[in-house]
Amino acid sequence: MIESRTEEAFGAPGIEPRWTNGAKEGVGTAYAASARIWFTLWNGVLTEVYYPTIDLPQIRDLQLLFSDGKSFCHEEKRDFVNRIERLEPGLGYRLINTHHSNSYRIVKEVITDPHLACVLMNCRIEGDPAIVENLNIYALCAPHLNGGGADNTAMVREVAGKTILCAMKKGGELTDSQAWLALGCNVPFGKTGVGFVGASDGWTDLHDDYKFDCTFTKASHGNVALTGEILAPYERGVREFTITLAFGSGKHSADTTLLQSLSTPYAHHRDRFFTQWQRPQRHIIGDLSSQSGDGGKLLRSSYNVLLAHEDKRFPGALIASMSIPWGEAKNDEDTGGYHLVWPRDMVNSATGLLAAGQSETASRALIYLAASQFPDGSFAQNFWIDGKPYWLGLQLDEVAFPLLLARKLQEIAALKGFDPMPLVTRAARFLVINGPVTGQERWEEASGLSPSTLAAVIAGLLSASGFLREMDDEKSAQFLDDYADWLEGNLDRWCATEEGELLEGEPRHYVRINPLGLGSELPENPPCDEEYELTSQEPGTDKVRRAREVFDGGFLELVRYGIRRPDDPLVRSSVKVLDAVLLADTPRGACFWRYNGDGYGQRDDGNPYHSHWGVGRPWPLLGGERGHYEVALGWDHGGNPDRWIWSLEGFASSAGLLPEQIWDLPDLPAKHLETGRSTGAARPLAWAHAEYIKLLRSKRDGRIFDTVNEASARYVEGRIEPRRDLLMWGPKFPSRAISQNCTLRVIRGEKFIVLWALDGWKTRHESESISTPIGVHYYDLPAPKVGEKLEWTFRVGDNWEGRNFEIIGKE
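A quick note: this is a predicted structure, and the numbers were derived from the prediction, not measured. (Residues numbered from 1 in each chain as written. Predicted model: local features only at pLDDT ≥ 70, side-chain atom pairs only at ≥ 80, totals over all residues. Heavy atoms only, no water.)

Chemist: What am I meant to see in the overall build of the protein chain here?
Modeler: Secondary structure assignment for the protein chain yields 18 helices and 38 strands. The globule rule puts the C-alpha radius of gyration for 811 residues at 28 Å, and the 29 Å found for the protein chain is close to it. For the C-alpha atoms alone, the extent of the protein chain along its principal axes is close to 100 × 60 × 55 Å. Taking all 811 residues of the protein chain together, the buried fraction comes to 64%. Restricting the contact set of the protein chain to residue pairs at least 6 apart, pairs at least 24 apart contribute 69%. Surface accessibility of the protein chain: about 28600 Å² in total, with carbon and sulfur atoms responsible for 48%. Computing the positive centroid from 86 side-chain charges and the negative centroid from 111, the protein chain places the two 3 Å apart. (Helix = DSSP H or I, 4+ residues; strand = E, 2+ residues; numbered from the N terminus. Rg over C-alpha atoms; globule rule 2.2 N^0.38 Å. Buried < 20%, exposed > 50% of the residue type's maximum accessible area, 1.4 Å probe, protein only. Contact = heavy atoms within 4.5 Å. Areas by Shrake-Rupley, 256 points an atom, 1.4 Å probe, with all protein chains shown as cover. Lys, Arg positive; Asp, Glu negative; His and termini not counted. Charge placed at Lys NZ, Arg CZ, Asp CG, Glu CD.)

This is the structure we're talking about:
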């Protein structure tokens, strides 16, 4: 190996780094677990590449530049019209980028090496011979190694007689390991250079005078770029070459990976890549295609997208999206993006694959979740692939979702040799001790009593109950049934206003959330004028809203899981409000805003959500939830999910990716915004793809796939014995009053002695708590008469609590 000269570029450290647009047009990886690399595409070019785990981006982008050396410099992502096609089977892509003049175009195929950490771009330049033959072609790559654009070092090197472009970084905020990048081509490089972005990089140089003069061989510790002139011969009317982008944990690793991949012709890589992707197709349920409106095109894409979002070093870890929403406005300080694990999104992805007939990934997902669970039974709001928490908000639905997955796998005998009992008991215990008020609802913004969160909690507890009952733990199962019944019996009082003004003639409907802080006394009356702040509002605007004024479609989860009948009067009225207040009908389909007053989305002028404010946009997956409601209604009662299936298909990109949010205003081409197409938020959103697959499955079965049998039997079919009249009380969910025909069940997470009295402590009773196998302890106390008080205190171990509690009897 001979090292090249070491001339340092000027302009360090370069401009502040940024990421790219979050609305990816393609995401891909090899199916083989050995190929630990993932790529994304946007606007005709390669964008973030993830290696060696799916949560660690390593570049900003890689594109081609073209110059005649005297009069122009054309840039792929700005000067060309882009078209993309997904190559089946699997997740390879063909990009057709045509210059605005129509004089020439680039046809690129993008895949990964079937087994190595390399992205392969086979490029063919074709068009007017007088132009194509004389083009100077350059590859331009912006490394953002180990998740950041700062402190990268780039160099030109010679390895095994071949000139390659390299970059490295020693650790970073996200990892302590060293990362190396090597860029090569199957044809020789001509001029090469590295430099600092905005000063001495190839893009700045070529746009200055159309000549490439900044041929520096080293750029140290900054925001750097690599540029290589590609000497592709003109043959038979085209110029064709294959660019290879390789990664390694050190210089030698990246070098050998690059050279090994380059030693095999692209056509052989291509054949093996697609042969691999034929393997998982045998799992998908074939007749689901007949339920679609597009012949199964989006079904196949959704299935592959979900498979691709699993990490290969940490099996079972499914991230929310290979994207950084509004990345063009984000620097290195925002390390998360959506390439993290959210238990809610992850379980939806896993059950989406189950709905398609594939259980292996879901089984691995449950094991991964068990390994990621905190000792108290909870889960981080979101976390890196290695389990390290990113945000630490308390979301009760994210504790409940793994219970749904465990029960689903138990029902189809797909647990294999894994015992999820510790996960189930710990999560159930946490929900009982810490609910029902959630620190954040599913939109991660507000605390209180949320219909969607409570739906997940009830469904999760009953799933745990069913699981435990099959494991012969009847005592714990009955305890969880009782707790779920208490939640279900209070749902409408806690979460439905009787004074709504959003739709004339419908004053009673569910609300987005009944705002409460953790540990607050549970309300006695329906939500009305309780106030809370809406987040993500433009500075200077009034953020305060009353509970009855803010509405979302989360109540539909009550129908999804079998907790409410679809024809329940309160559900019916809430559906009317949903369709009147939140429906967004576009030429490409219909879906819904999250809630009225939402601020999480692209601003009206097309600028990105930034500095914690924007304007909320419609979410396609919420149309899928509306479609599931139609399935629950049934054909005999006018239910028809087809509109919502076709809408999801209409919102998909040409390569079959579903966005998190769509643009609902007139087109803004300069901002890459088209009505009914993705905003700069996440695309693809794995949750949306899972929702689509489950909607097809639910339509086929005539029953919602996610329905929890235990919930449906209790609350919809009425096949369960009458429930016991209990009021649950715990230090984190106290109540101030109790009906005299009710029993007060006091609950704690540890053994206790309760000292209690009904007559102002004249007659004292001392009782020992009852233990359950799941680690919850309780005692049932008699309710006081109307207007009288029940008073009590606790002793835990040798220590009395040091305070008294009381509850008033009511009619």
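Chemist: Got a minute to help me understand the pairing of strand β9 (residues 118-127) in this structure?
Modeler: Strand residues, when the strand is regular, have side chains that alternate between the two faces of the sheet. Of all ten residues making up β9, eight are buried, and the element is well covered by its neighbours. Once strand β8 (residues 104-112) ends, the chain turns through five residues before running back antiparallel as β9. Of the pairings in the sheet, the one linking β9 to strand β18 (residues 238-248) comprises nine bridges and is antiparallel in character. The residue bridging Val119 from the neighbouring strand is Leu245, located in β18. (Pairing = 2+ DSSP bridges.)

Chemist: Mind showing me how you'd approach the packing of aromatic side chains here?
Modeler: Aromatic ring pairs are described here by two measures, namely the spacing of the ring centres and the angle between the planes. Inspection of the entire model under this criterion finds 33 aromatic pairs. For the pair Phe66 and Phe80, a centre-to-centre distance of 5.8 Å together with 50° between the ring planes defines the contact as tilted. Residue Phe66 is located in strand β4 (residues 59-67), and its partner Phe80 is located in strand β6 (residues 80-87); the two are separated by 14 residues in the primary sequence. The class of Phe66 is buried, set by a relative accessible area of 0%. (Phe/Tyr/Trp six-rings, centres within 6.5 Å; stacked < 30°, edge-to-face > 60°.)

Chemist: Looking at this structure, how should I read the side chain of Ser465?
Modeler: Secondary-structure assignment places Ser465 in helix α11 (residues 451-470). A distance of 3.3 Å separates the side chain of Ser465 from the backbone oxygen of Ala477, its partner in a polar contact. Excluding residues within four positions of it along the chain, Ser465 makes contact with Ala477, Leu480 and Asp481. (Polar contact = N/O pair within 3.5 Å; in protein donor to acceptor, adjacent residues only side chain to side chain.)

Chemist: Any chance you could explain the nonpolar core here in plain terms?
Modeler: Soluble globular proteins tend to bury their nonpolar side chains together. Within the largest apolar cluster, 240 residues are counted, with the highest numbers of intra-cluster contacts made by Leu46, Ile230, Phe241, Ile243, Leu245 and Trp792. Element by element, the count of residues in this core is highest for α11, at eleven residues. In this view, Leu46 contacts Phe39, Thr40, Leu41, Ile59, Arg60, Asp61, Leu62, Val110, Val119, Met121 and Leu245; residues no more than four positions away in its chain are not counted. One finds Leu65, Tyr138, Val197 and Phe212 within the second-largest nonpolar core, a separate group that totals eight residues. (Core = buried A, V, L, I, M, F, W, Y, C linked by side-chain atoms within 4.5 Å.)

Chemist: Where do I start with helix α7 (residues 343-356) in this structure?
Modeler: Side chains that are three or four residues apart share a direction in an α-helix, a result of its 3.6 residues per turn. Between its first and last C-alpha, α7 extends 20 Å over 14 residues, near the 20 Å set by a 1.5 Å rise per residue. Of all 14 residues in α7, 14 are buried, a share of seventy percent or more. One or two steps after α7, the chain reaches Gly357, where phi turns positive at roughly 105°. (Expected span 1.5 Å × (residues − 1).)

Chemist: I tried to follow the packing of helix α14 (residues 569-581) against helix α15 (residues 620-633) on my own but got confused; where do I start?
Modeler: Geometry of a packed helix pair, given as the angle between the helix axes and the separation of the axes. With their axes 13 Å apart at the nearest point, α14 and α15 run at an angle of 145° to one another. Crossing geometry of α14 relative to α15 is assigned as left-handed. Facing α14, whose interface residues are Val571, Arg572, Val575, Leu578 and Asp579, α15 presents Arg626, Tyr629 and Leu633. Classifying every residue of the contact of α14 with α15 by side-chain character gives five nonpolar, no polar and three charged. (Axes fitted to C-alpha atoms, helices over the stretch in contact; angles between N-to-C directions. Left-handed = near helix turned anticlockwise from the far one by under 90°. Nonpolar A, V, L, I, M, F, W, Y, C, P; charged D, E, K, R; others polar.)

Chemist: Just checking my understanding: could you explain the pattern of salt bridges for this structure?
Modeler: Pairing between side chains becomes possible if they bear opposite charge and their charged atoms approach one another. Counted under the stated rule, the structure contains 65 salt bridges. The partner of Arg344 in a salt bridge is Glu398, and the shortest N-O contact between them spans 3.8 Å. Of this pair, Arg344 sits in helix α7 while Glu398 sits in helix α9 (residues 396-411), and the two are 54 residues apart along the sequence. In this structure, Asp492 engages Arg564 in a salt bridge whose closest nitrogen and oxygen atoms are separated by 3.2 Å. In this pair, Asp492 is assigned in helix α12 (residues 474-495) and Arg564 in the loop between α13 (556-560) and α14, connecting sequence segments 72 residues apart. Put simply, Arg83, Glu85, Arg94, Glu109 and Arg270 are held in one network by salt bridges that share partners. (Salt bridge = Lys/Arg side-chain N within 4 Å of Asp/Glu carboxyl O.)

Chemist: For this particular structure, what's the right way to read the environment of Thr20?
Modeler: Topologically, Thr20 is positioned in the segment before β1 (26-29). Separated by 434 residues in the primary sequence, Thr20 and Leu454 have C-alpha atoms spaced 37 Å apart. Not counting residues up to four positions away in its chain, the partners in contact with Thr20 are Thr47, Glu48, Arg60, Asp61, Ile324, Gly327 and Glu328.

Chemist: It is not clear to me how the sheet that holds strand β31 (residues 743-748) should be interpreted in this structure. Could you clarify?
Modeler: One key point about sheets: their strands pair by backbone hydrogen bonds, in either a parallel or an antiparallel sense. Spatial strand order, β29-β31-β35-β34: four strands in an open sheet with mixed pairing. Among the strands making up the open sheet, the edge pair consists of β29 (726-729) and β34 (770-771). When β29 meets β31, the two strands line up parallel, connected through four bridges. Its bridge partner being in β31, Trp729 is matched across the sheet by Val746. Here α12 sits on the sheet in contact with β29, β31, β34 and β35 (777-782), set at roughly 95° to β29.

Chemist: When you look at the side chain of Asn21 in this model, what are you seeing that I'm missing?
Modeler: Along the polypeptide, Asn21 turns up in the segment before β1. Looking at Asn21, its side chain comes within polar contact range of the main-chain nitrogen of Ala23, at 2.8 Å. Dropping the residues within four chain positions of it, Asn21 is found in contact with Trp42, Ile324, Glu328, Thr679 and Gly680.

Chemist: Help me understand the pairing of strand β3 (residues 45-50) in this model?
Modeler: With six of its six residues buried, β3 lies for the most part within the structure. With antiparallel pairing between neighbouring strands as the criterion, strand β2 (residues 38-42) and β3 make up a hairpin whose turn holds two residues, including Asn43 at a positive phi of roughly 55°.

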